[in-house]
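# Structural overview
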Amino acid sequence: MKKILTIIGARPQIIKAAALSRAIKTKFADQVTEIIVHTGQHYDDNMSEIFFEELDIPHPNYNLNVGSGSHGKQTASMIEGIEEILLREKPNCIVLYGDTNSTLAGAVAASKIGTPIIHIEAGLRSFNKSMPEEINRIMCDHVSTLLFSPTKAGYQNLISEGFKEEQQPPYSIDHPKVYHCGDVMYDNSLYFSQLADEKTNVLEKNQLSSGQFILATIHRNNNTDEPERLNSLFSAMHKIANANKIKIIIPLHPRTAKLLAKNLSSELYSLVKTSGYIKIISPVSFLEMISLEKNALMVMTDSGGVQKEAFFFKKPCIILRSETEWIELKNCGAAKLADADEERIMEAYTYFSKKQQLEFPDLFGNGKAAEFICEEILKQIN
Ligand code: UD1
Ligand code: UDP
């Protein structure tokens with residue numbers, strides 16, 4: 001029996017972990033025990049608790065309850081807590097997702113005490129080191145033993161950074177193995193898509209008609225913390241909504257919700273708050289989110305996960321950033337980078353609202369990435 005220890009903390013990691021936990025439960029229950037450690041990076045019910053029951057994720061064995069804080073303080077408390085649990089549980093490996101402070105903390109704690117690291121969503125790069133996530137993902141990749149990249153571009157980034165394509169087992173931190181294996185979030189979107197239709201009424205609840213609204217999310221630190229960018233984003237959305245009489249629904253991340261009144265001009269704040277077309281709501285569950293994505297006319301977002309889900313459900317996406325790690329989405333024409341630039345966002349809206357034929361090639365695997373990852377962990381980790 002192999003013992004794996006999974007670190008989750010931020011919303012997207014909890015959702016990603018559902019795919020692996022499901023694969024373990026359905027195919028590998030007699031070979032793998034999973035210990036789940038929640039760092040507590042996200043803690044509001046609608047950023048954490050809501051997902052466990054809905055996505056059938058086992059409740060965490062440990063919660064470090066670190067909460068919010070500066071990067072150093074938050075990451076340091078997580079490292080301390082994770083180290084203690086690793087020493088007690090002595091797992092065969094640790095599984096880390098993505099690029100958050102919880103990922104980095106797991107990577108530092110595990111690498112220093114010699115626990116092999118499995119990095120899921122390895123190799124993604126924005127080539128912008130002013131993003132905290134870019135630092136986290138580079139540091140995690142370079143102390144990992146098995147690196148699972150969801151995309152070809154991610155795999156190529158790792159090769160460019162010196163990881164070797166031809167590597168023979170046994171693998172270790174000094175002799176790592178890189179894979180291009182598809183995306184666990186694609187697994188999840190396929191798996192939960194029908195359930196989302198059956199189990200949610202998010203459209204009715206928000207008086208939305210299929211194909212007649214835009215779904216938007218904003219939470220990236222530069223977009224929320226720089227008033228000029230936040231104003232530009234909301235001004236663009238307000239103009240698009242009013243000029244085209246189209247509703248924009250925004251399930252708002254708590255980070256953004258807390259900064260809206262402070263960083264928007266009072267005039268724009270009141271326009272947004274009283275607009276009949278812009279609807280700001282609290283974060284929704286994953287099934288509700290999928291339902292919104294499936295039924296939207298288009299998506300506007302600075303989220304990594306939401307960009308991809310727009311693509312999975314064949315919706316055009318306006319990326320509210322200057323670059324993306326999911327470069328394939330832009331290259332195939334299904335997404336456009338518009339940054340926090342009012343003009344570019346409005347142009348992208350006009351472009352996508354006229355364009356009929358978009359291509360959504362198979363870029364993210366076959367919906368069985370999590371199974372493949374489990375099989376490789378079982379084969380390659382002692
Ligand atoms: C984090 C990740 C980011 C990821 C995002 C997913 C880092 C450095 N960033 O960003 O990569 O895209 O999660 O959502 O790890 N807050 C609450 N309640 C919560 C959680 C957060 O109110 O449950 C508020 C707090 O004011 C907090 C702020 O949001 O200070 C930011 O939270 P934090 O987890 O530090 O970063 P995110 O912006 O969520
Ligand atoms: N999500 C959700 N409810 C919301 C907003 C997002 O369930 O109100 C899901 C979304 O479907 C995706 C993930 O959260 O699977 C993305 O998380 P987020 O945008 O917070 O982070 P990122 O992917 O940018 O790291």
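Details of the structure are given in the entry above.
Presented here is a report on the structure given in the accompanying data block. (Residues numbered from 1 in each chain as written. Chains lettered and ligands numbered in written order. Predicted model: local features only at pLDDT ≥ 70, side-chain atom pairs only at ≥ 80, totals over all residues. Heavy atoms only, no water.)

Here we take up the site of ligand 2. In the vicinity of ligand 2, 19 residues are found, and the nearest of them are R220, V284, S303, G305 and E309. G305 places a polar main-chain atom, nitrogen or oxygen, 2.8 Å from an oxygen atom of ligand 2. Separating an oxygen atom of ligand 2 from a side-chain N or O atom of E309 is a distance of 2.5 Å. Protein contacts shield 95% of the accessible area of ligand 2, which totals 530 Å² for the unbound molecule. Within the residue set of the shell around ligand 2, elements represented by two or more residues are α1 (11-27), α13 (286-295) and α14 (304-312). Take the shell around ligand 2: its biggest share by element is four residues, from α14. Here the residues of the shell around ligand 2 sort into 10 nonpolar, five polar and four charged. (Near = heavy atom within 4 Å. Polar contact = N/O pair within 3.5 Å; in protein donor to acceptor, adjacent residues only side chain to side chain. Areas by Shrake-Rupley, 256 points an atom, 1.4 Å probe, with all protein chains shown as cover. Helix = DSSP H or I, 4+ residues; strand = E, 2+ residues; numbered from the N terminus. Nonpolar A, V, L, I, M, F, W, Y, C, P; charged D, E, K, R; others polar.)

Bringing the site of ligand 1 into the picture now. Surveying the vicinity of ligand 1 reveals 20 residues, the closest of which are H42, N101, E133, R255 and K258. Separating an oxygen atom of ligand 1 from a side-chain N or O atom of H42 is a distance of 2.7 Å. R255 has a polar side-chain atom sitting 2.7 Å from an oxygen atom of ligand 1. In isolation ligand 1 exposes 740 Å². Once the protein is present, 88% of that is buried. Put simply, the parts of the chain that give the shell around ligand 1 at least two residues each are α3 (71-89) and α11 (254-263). For the shell around ligand 1, a count of residues per class yields five nonpolar, nine polar and six charged.

Let's shift gears to unusual backbone geometry. Cis geometry marks the peptide bond from P169 to P170; its omega dihedral reads 5°. Among the secondary structure elements, P170 is positioned in the loop between α6 (152-160) and β7 (177-180). In this structure, K90 is a non-glycine residue whose phi angle is positive, near 45°. If you trace the backbone, K90 turns up in the loop between α3 and β4 (93-97).

Another point: the pattern of salt bridges. Considering all chains together, one arrives at 21 salt bridges under this definition. The shortest N-O distance in the salt bridge between R255 and D225 comes to 3.2 Å. With R255 in helix α11 and D225 in helix α9 (residues 221-225), the pair connects residues that are 30 residues apart, well separated along the chain. According to the relative accessible area criterion, R255 is partly exposed, its value standing at 34%. (Salt bridge = Lys/Arg side-chain N within 4 Å of Asp/Glu carboxyl O. Buried < 20%, exposed > 50% of the residue type's maximum accessible area, 1.4 Å probe, protein only.)

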